[in-house]
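Observations on the three-dimensional arrangement
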Amino acid sequence: MRRARSATIGAMHRLIPLLALAIATPGFAQDAPDPARLKATVEKLVSFGTRHTLSSPDDPVRGIGAARRWAAGELTRISDACGGCITSANIARTFTGPRAPNGVEVVDVLGFQQGTEPRRVVIIGAHIDSRVSDAMNATSDAPGANDDGSGVALVLEAARVLSKQKFRATIIYALFSGEEQGLWGGTLLAETAKQKNWTVTAMLNNDIVGNTIGQDGVRVADRVRVFSEGIRESEDVTAQLARRQNGGEDDGPSRALAKAVDGVAAAIPGGLDVFVDRRPDRFGRGGDHAPFMALGYPAIRFTVGAENWKGQHQDIRVENGTAYGDTVDKMDFAYLAKVTAINIATIRRLAAAPAAPTTVKIAGALSYDSTISWQPVEGATGYRVHWRRSDAQDWQKAIDLPASARSTVLKDVPVDDYFVGVSSLGEGGAESLVTFAGP
């Protein structure tokens, strides 16, 4: 197959497609995430007193129900400003468990920004519920400013910015309940996606994304952590052994998503570094992306570079001069705006691009050349074949091929020493995730 273009992957290679997409987006440069608006949203969420999942669903001013209704109203307000481009809907189910022994109705507040491919979705989510020291305490004030008012504010701000564009994929803005009881809101939406046979291009979970001062005064303001799995939890033993044989432990769909986010962030002037944390979540902990990973969907978690555990799951109090509790004063809204910008830029890329190739095959045993082949992707304007030496983590070189291409031969790229992957290209240079090549 004829090679259309060859390029070394670097800063300019990542930047050019994003710049092309930005140029085509009215108001892109001016409509950046607003720290003041993010702060106002978090303060409003805190004003509901507690957002514990077991708190009142009906009280008009206090509790989880009032917070959910307000958030749904915000999505409606954003939709009104874009001529009805976002449709709000709730999904609900009763869950029972140790933290809800009598059962509780878990409600997810969703906003659907329909794309030209309505069944292919990009999900950006956060949990709206909060808690204090006692996970069963549904009455005490639980401000939940950073955990996870920060994520809810990010999702709503992303909706405001992205609603001004049209995309191929449908964007789902998701506000989960029941996270603190057992990741129930994430479970509800992940299982809904499977039941409705959606193609989930990406799930971006934002949980604790708004502080720069961590435990004991440590300050980390230059990076955000992105957690992802390598080998998919959903893979059976046979599939895991095949990935091990391929050397693809660092290239599962969720890890490919994390690497894509890293590349997107590198192209944002004055932004944050993405720390690609190579585990599904913080050690021994979990978030609402986990149910999506369990079903095989590409899913990641954004979390601050330095956590303050005295501000998480704590009764509001002062002990020995130390303030405990998840309050607004511990947050950095300029930092939160930068995390929001990374989410928005990532969605702009993935929702504008075609789907990633479902299967990419590689052959070349006993040869210095590698043959790569893939199935066509509907609506792709071309394909990008990436490769790197097997001792490197990031793609080093790439060639672009036309939409008619179904295979190519990489000369002097022996399969024993290189990893290869293929992405789909769309109008304006928008690129899908990279699908790792296996036998």
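Here the structure is a predicted model, which means the values were calculated and not measured.

What counts, and where the lines are drawn
Residues numbered from 1 in each chain as written. Predicted model: local features only at pLDDT ≥ 70, side-chain atom pairs only at ≥ 80, totals over all residues. Heavy atoms only, no water. Phe/Tyr/Trp six-rings, centres within 6.5 Å; stacked < 30°, edge-to-face > 60°. Helix = DSSP H or I, 4+ residues; strand = E, 2+ residues; numbered from the N terminus. Buried < 20%, exposed > 50% of the residue type's maximum accessible area, 1.4 Å probe, protein only. Lys NZ or Arg CZ within 6 Å of the ring centre and 35° of its normal. Core = buried A, V, L, I, M, F, W, Y, C linked by side-chain atoms within 4.5 Å. Contact = heavy atoms within 4.5 Å. Expected span 1.5 Å × (residues − 1).

The next point concerns the packing of aromatic side chains. Throughout the structure, instances matching the rule amount to six aromatic pairs. Centre to centre, the rings of F48 and W70 are 6.4 Å apart; their planes meet at 55 degrees, and the pair counts as tilted. On the criterion of sequence distance, the pair formed by F48 in the loop between α2 (35–46) and α3 (64–81) and W70 in helix α3 is long-range, its members being 22 residues apart. The exposure class of F48 is buried, given its relative accessible area of 6%. In this structure W70 comes out as buried when scored by relative accessible area, which is 19%. Each ring, one from F419 and one from F436, has its centre 5.5 Å from the other, and the planes form 65 degrees; the classification is edge-to-face. Of this pair, F419 sits in strand β17 (residues 418–425) while F436 sits in strand β18 (residues 435–436); the two residues are 17 residues apart in sequence, bridging distant segments of the chain. Grouping residues by exposure puts F419 and F436 together as buried. Taking NZ or CZ as reference, R317 lies 4.1 Å from the ring centre of Y324, over its face. Stacked on the ring of W395, the Lys or Arg R388 has its end atom at 4.5 Å from the ring centre.

On to the nonpolar core, then. With 66 residues, the main nonpolar core has Y173 and F302 as its most contacted residues. By residue number, the principal contributor to this core is helix α10 (residues 333–352), which donates eleven residues. Excluding its chain neighbours within four sequence positions, the residues that come into contact with Y173 are L75, I86, V109, L110, G111, Q113, I124, V155, A158, A159, L162 and S163. Core analysis: the second largest hydrophobic core is formed by 23 residues, I123, A193, V200 and M203 among them.

This brings us to helix α6 (residues 184–195). Taking 1.5 Å as the rise per residue, α6 with twelve residues should run 16 Å; its terminal C-alpha atoms sit 16 Å apart, in good agreement. In terms of residue burial, α6 counts as a mostly covered element, since nine of its twelve residues are buried. Among all positions of α6, only W184, G185, G186, T187, L188, L189, A190, T192 and A193 are buried.

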